Amino acid sequence: MYRYDEFDHTFVEERVAQFREQVARRLSGELTEDEFKPLRLMNGLYLQLHAYMLRVAVPYGTLSSQQMRKLAHIARRYDKGYGHFTTRQNIQFNWPKLEEAADILAELAEVEMHAIQTSGNCIRNVTADHFAGAAADEIEDPRVTAEVIRQWSSLHPEFSFLPRKFKVAVTGASNDRAAIKVHDIGLQMVRDARGRAGFKVIVGGGLGRTPLIGETIREFLPKRYLLSYLEAILRVYNELGRRDNIYKARIKILVKEIGAKAFAEMVEKEWQFLKDWDVDLPDEEFARIQAYFAPPPFDDLPAVTASFEAQRFENRDFARWVRNNVDAHKAPGYAIVTVSLKPEGGVPGDATAAQMEAVADLAARYSFDEIRVSHEQNLVLAHVRQADLYAVWQGLIAAELASANAGLISDIISCPGLDYCNLATARSIPVAQRISRRFADIERQHDIGGLKLKISGCINACGHHHVGHIGILGVDKKGQEFYQITLGGNADENAVLGRIVGPAFSYDTVVDAVETIVDTYLGQRRNGEAFNQTLARVGFDPFKEKLYAPH
Amino acid sequence: MTAQIVTANRLGDGAVIYLGRDDIWGERLGGAAVARSQDEAAALLARAEAPAHRTNVVGPYLMDVIDEATAPRPASNRENIRALGPTVRSDLGRQAEIPGRR
Ligand code: SF4
């Protein structure tokens, strides 16, 4: 894992001290709210429906056990005993007090964390594949790239006041688990004909009011030019982005309006000018950062672990959990564990302080002290020996974290919605809870197979509903909550936006509608087709007929 | 016109508060001063925005209420949730203190 150097430490500590001062000046009345608001937002402190909300950055979703324990401590000491993991791989605390905000930031600084770049029109916390460093299909650990970008972008004077917020996602693998095509910039590691590693560069993706899939503007960018090329993209955007209209200010609108080809040419021109200035990282510096992400000292193990196979054979529940929540690891004898934060009837992404500590303990004992937060609002133990899987599972059962539903219909992404969020038009969490209860039967979920259901409480689409196989958007119609359903979306390497199936459903009928969709799929499915395959073959009509048939 | 009251968040802890008849902010919606005409609403908001409140109140605004004989009730879903707490956590927010709601 990356460790702060002296510069990082000093910088973060200075920020805490500055913020403490700013809060004191606000509380004494020296600063007005208008003056103070941008300062608190720069430190991740929002004001939501019920209280302040602190969004803490988890760079590329990686946490040490010590950091997770600190989050648990903050939840208990300064909040109401829990935290919410988000689709940006961050964590949000829903009830911090302004009076204690600087103390929380000071506690975070102790474990090399902060809340910078979680708000405002800057380059936000960079996200990455949550299986980084463990995935079998990976070229290189994407977190090295993400960390390089983090260091380059933190407080970058030219890019601290962009036309709008800016999100970068990186994957080192061919299977995209980081939704890179729906980010302002998506980077995918690829190899050129000579086998050298570099990036495919995708720009202009995003969800929200105007959902768009990103366009590839460069098939191969040699690794050493990463920063100069990103700088060229940001410069073109900074100059031409629509500062006059908040709804048109994201880079995706610019790319769409002028076309990906023209945009790429502008970037290329800017890059030719920039690339020989000292923007790019010297090789030694890159190597220094890379060293922090060196693989942990894996033992030499056989690919198959006999004890694990036996446990799987003997215990059906364990076997079921393994089937869904355990993925192949690149090192023989190891496995990747997804810790589901989607218990039946639970709040997607929420974890109690005790659960955070339980995961921290399991990571310390069985996964080289490291935890990941996934954009699907789960946690990941990336490097577990197969021989330890049973013990990890037992530990998760004790912490009520052993739902065997990763990737299934109850593994729902849901934004906070109207239960917490100031911008919401409808609730999303209770809809997720009701769906997960309706499909509680795990055998039934297995029969349905992989299905991504995503819910947002407003058009801002933090719940990624456009790219759910089934997407749900909460809207307000004359003071009543209604839910618009989209079908056929997808967030992986074949990213596509879902299409609206028809008129919206009421709060009371939306869960029935989801069940009707699932039943229609099961009725139409051939030879183990996935949901989107069946939908592509039969079209929307069978679904519409069932959903809107007169009763 | 729909009856209105003024709500805001308390500066120090962000709690949802309402402007009372005596110009004191409190957590009880039932204790809020109700405006029943546009003039009354404008005057109420002006009182809420007075300099004296700026050191303890954030973002005051008018919200619609249903003006019932006993006490006003929020007219919107959003304000109902603000008044009570998250509908998915009956142990949190003001609802946790109301007997029989948990
Ligand atoms: S999608 Fe809307 S309701 Fe949900 S968290 Fe984002 S802004 Fe809030």
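What you see is a predicted model, and the numbers here were worked out from it, not measured in a lab. (Residues numbered from 1 in each chain as written. Chains lettered and ligands numbered in written order. Predicted model: local features only at pLDDT ≥ 70, side-chain atom pairs only at ≥ 80, totals over all residues. Heavy atoms only, no water.)

A.B. asks: Go over the overall build of chain B with me, naming the residues and quoting the values.
C.D. replies: Of the regular secondary structure elements, chain B holds 2 helices and 5 strands. Each helix and strand of chain B, placed in order from N terminus to C terminus, yields the pattern β-β-β-α-β-β-α. Relative to the compact-globule value of 13 Å for 102 residues, chain B shows a C-alpha radius of gyration of 13 Å, a close match. A buried classification covers 42% of the 102 residues belonging to chain B. For chain B, the share of sequence-separated contacts (at least 6 apart) that also reach a separation of at least 24 residues comes to 49%. (Helix = DSSP H or I, 4+ residues; strand = E, 2+ residues; numbered from the N terminus. Rg over C-alpha atoms; globule rule 2.2 N^0.38 Å. Buried < 20%, exposed > 50% of the residue type's maximum accessible area, 1.4 Å probe, protein only. Contact = heavy atoms within 4.5 Å.)

A.B. asks: Give a description of the side chain of glutamine 92 of chain A that names residues and reports values.
C.D. replies: Residue and element names in this part refer to chain A. Topologically, glutamine 92 is positioned in strand E5 (residues 91-93). Here the side chain of glutamine 92 touches arginine 55 through a polar contact of 2.8 Å, side chain to side chain. Look past the residues within four positions of glutamine 92 in its chain and what remains in contact with it is Met53, Leu54, Arg55, Gly83, His84, Thr86 and Pro416. (Polar contact = N/O pair within 3.5 Å; in protein donor to acceptor, adjacent residues only side chain to side chain.)

A.B. asks: Talk me through the packing of aromatic side chains; I want residue IDs and the actual numbers.
C.D. replies: Residues and elements named next belong to chain A. In the structure shown here, the tally under the stated rule is 21 aromatic pairs over all chains. For the ring pair phenylalanine 505 and tyrosine 548, a centre distance of 5.4 Å and an interplane angle of 15° mean the geometry is stacked. A residue pair is termed long-range when its members are at least 10 positions apart, and phenylalanine 505 in strand E21 (residues 505-506) and tyrosine 548 in helix H18 (residues 541-548) qualify at 43 residues. Phenylalanine 505 sits in the buried class, given a relative accessible area of 9%. (Phe/Tyr/Trp six-rings, centres within 6.5 Å; stacked < 30°, edge-to-face > 60°.)

A.B. asks: Quick one: what's the story with the site of the ligand, residue by residue and with numbers?
C.D. replies: Looking at the ligand, the residues that line it are Cys415, Pro416, Gly417, Cys421, Leu423, Ala424, Gly457, Cys458, Asn460, Ala461 and Cys462 of chain A. Tallied by class, residues from the shell around the ligand come to 8 nonpolar, 3 polar and no charged. (Near = heavy atom within 4 Å. Nonpolar A, V, L, I, M, F, W, Y, C, P; charged D, E, K, R; others polar.)

A.B. asks: Which residues make up the pattern of salt bridges, and what are the values?
C.D. replies: On inspection of all chains with the given rule, the structure shows 53 salt bridges over all chains. For aspartate 141 of chain A, the salt bridge is made with arginine 143 of chain A, and the minimal N-O distance between the two is 2.7 Å. The pair aspartate 141 of chain A / arginine 143 of chain A is uniform in exposure class, with both members buried. One salt bridge in this structure joins glutamate 79 of chain B and arginine 82 of chain B, with 2.8 Å as the shortest N-O distance. With glutamate 79 of chain B and arginine 82 of chain B both in helix H2 (residues 77-84) and 3 residues apart, this pair spans about one turn of that helix. Taking relative accessible area as the criterion, glutamate 79 of chain B reaches 5% and is therefore assigned buried. Salt bridges linked by common partners bring Arg438, Arg444, Asp512, Glu515 and Asp519 of chain A together as one network. (Salt bridge = Lys/Arg side-chain N within 4 Å of Asp/Glu carboxyl O.)

A.B. asks: Before we move on, could you go through the side chain of asparagine 43 of chain A and cite the residues and values that matter?
C.D. replies: All names here are of chain A. Along the chain, asparagine 43 falls in the loop between helix H2 (33-41) and strand E1 (45-47). Reaching out from asparagine 43, the side chain makes a polar contact with the side chain of arginine 15 at a distance of 3.4 Å. Every residue in contact with asparagine 43, bar those within four places of it in the chain, is listed here: Arg15, Phe19, Gln22, Leu54, Leu105 and Ala115.

A.B. asks: Describe helix H1 (residues 6-27) of chain A, and please don't skip the residues or the numbers.
C.D. replies: With 22 residues, H1 of chain A should reach 32 Å at 1.5 Å per residue; the first-to-last C-alpha distance of 32 Å fits that figure. Within the sequence span of H1 of chain A, burial applies to Asp8, Phe11, Val12, Arg15, Val16, Phe19, Gln22, Val23 and Arg26 of chain A. Within H1 of chain A, the buried residues cover an arc of 135° as seen down the axis, which keeps them to one side. Where H1 of chain A is buried, its residues contact H2, E1, helix H4 (98-110) and helix H5 (142-153) of chain A together with strand E4 (57-67) of chain B. Capping of H1 of chain A at its N-terminal end is provided by aspartate 5 of chain A; its side-chain oxygen lies 3.1 Å from the backbone amide nitrogen of phenylalanine 7 of chain A. Just downstream of H1 of chain A lies glycine 29 of chain A, where phi reads positive at about 95°. (Expected span 1.5 Å × (residues − 1). Arc of directions from axis to C-beta.)

A.B. asks: Which residues make up the packing of helix H16 (residues 510-524) of chain A against helix H17 (residues 531-538) of chain A, and what are the values?
C.D. replies: The description of two helices packed together rests on the angle between their axes and the distance between the axes. Residues and elements named next belong to chain A. Put simply, H16 and H17 touch, their axes get as near as 10 Å, and they point 75° apart. Relative to H17, H16 is oriented roughly perpendicular. In this structure, H16 uses Ile517, Tyr521 and Gln524 to contact H17, whose residues at the interface are Phe531, Thr534, Arg537 and Val538. Here the residues of the contact of H16 with H17 sort into 4 nonpolar, 2 polar and 1 charged. (Axes fitted to C-alpha atoms, helices over the stretch in contact; angles between N-to-C directions. Parallel < 35°, antiparallel > 145°, perpendicular 65-115°, else oblique.)

A.B. asks: Explain the pairing of strand E17 (residues 453-456) of chain A to me, using residue names and the numbers behind them.
C.D. replies: Residue and element names in this part refer to chain A. Residues Leu453 and Ile455 point to one face of E17 and Lys454 and Ser456 to the other, with burial holding for every one of them. Where strand E16 (residues 413-414) and E17 come together, 2 bridges link them in parallel fashion. Residue serine 414 lies in a different strand from E17, and its bridge partner there is isoleucine 455. Examined bridge by bridge, E17 and strand E18 (residues 470-477) share 4 bridges and lie parallel to one another. Each bridged residue has a counterpart across the sheet, and for isoleucine 455 the counterpart in E18 is isoleucine 472. (Pairing = 2+ DSSP bridges.)

A.B. asks: Residue-level account of the domain arrangement of chain A, with values.
C.D. replies: Residues and elements named next belong to chain A. You can read the domains of chain A as domain 1 (6-110), domain 2 (134-291), domain 3 (306-398) and domain 4 (413-547). Across the contact, 12 residues belong to domain 2 and 12 residues belong to domain 4. Across the domain 2 to domain 4 interface the summed buried area is about 1000 Å²; carbon plus sulfur atoms make up 67%. Along the contact surface separating domain 2 from domain 4 lie 0 salt bridges. (Domains from an automatic or database assignment. Buried area = accessible area lost by both parts, 1.4 Å probe.)

A.B. asks: Kindly report on the interface of chain B and chain A, identifying the contributing residues and their values.
C.D. replies: Listed as interface residues are 23 residues of chain B and, on the opposing side, 29 residues of chain A. For the pair chain B and chain A, the summed buried area comes to about 2000 Å², and 60% of that belongs to carbon and sulfur atoms. Area buried by chain B at its contact with chain A is led by Leu11, Arg78 and Val88 of chain B, which between them contribute 26% of it. The interface formed by chain B and chain A includes 0 salt bridges. Mapped by element, the contributors of at least two residues to the side of chain B that touches chain A are strand E1 (3-10), E4 and H2 of chain B. Of the residues contributing to the side of chain B that touches chain A, the split by class is 9 nonpolar, 8 polar and 6 charged.

A.B. asks: How would you sum up helix H12 (residues 353-366) of chain A? Please name residues and give values.
C.D. replies: Residues and elements named next belong to chain A. Between its first and last C-alpha, H12 extends 20 Å over 14 residues, near the 20 Å set by a 1.5 Å rise per residue. Of the residues making up H12, those classed as buried are Ala353, Gln355, Met356, Ala358, Val359, Ala360, Leu362, Ala363 and Tyr366. Count one or two residues on from H12 and you reach phenylalanine 368, which has phi positive near 50°.

A.B. asks: Talk me through the environment of serine 37 of chain B; I want residue IDs and the actual numbers.
C.D. replies: Residues and elements named next belong to chain B. By the element assignment, serine 37 lies in the loop between strand E3 (25-26) and helix H1 (38-48). A relative accessible area of 26% places serine 37 in the partly exposed class. Separated by 3.1 Å, the side chain of serine 37 and the backbone nitrogen of glutamate 40 make a polar contact.

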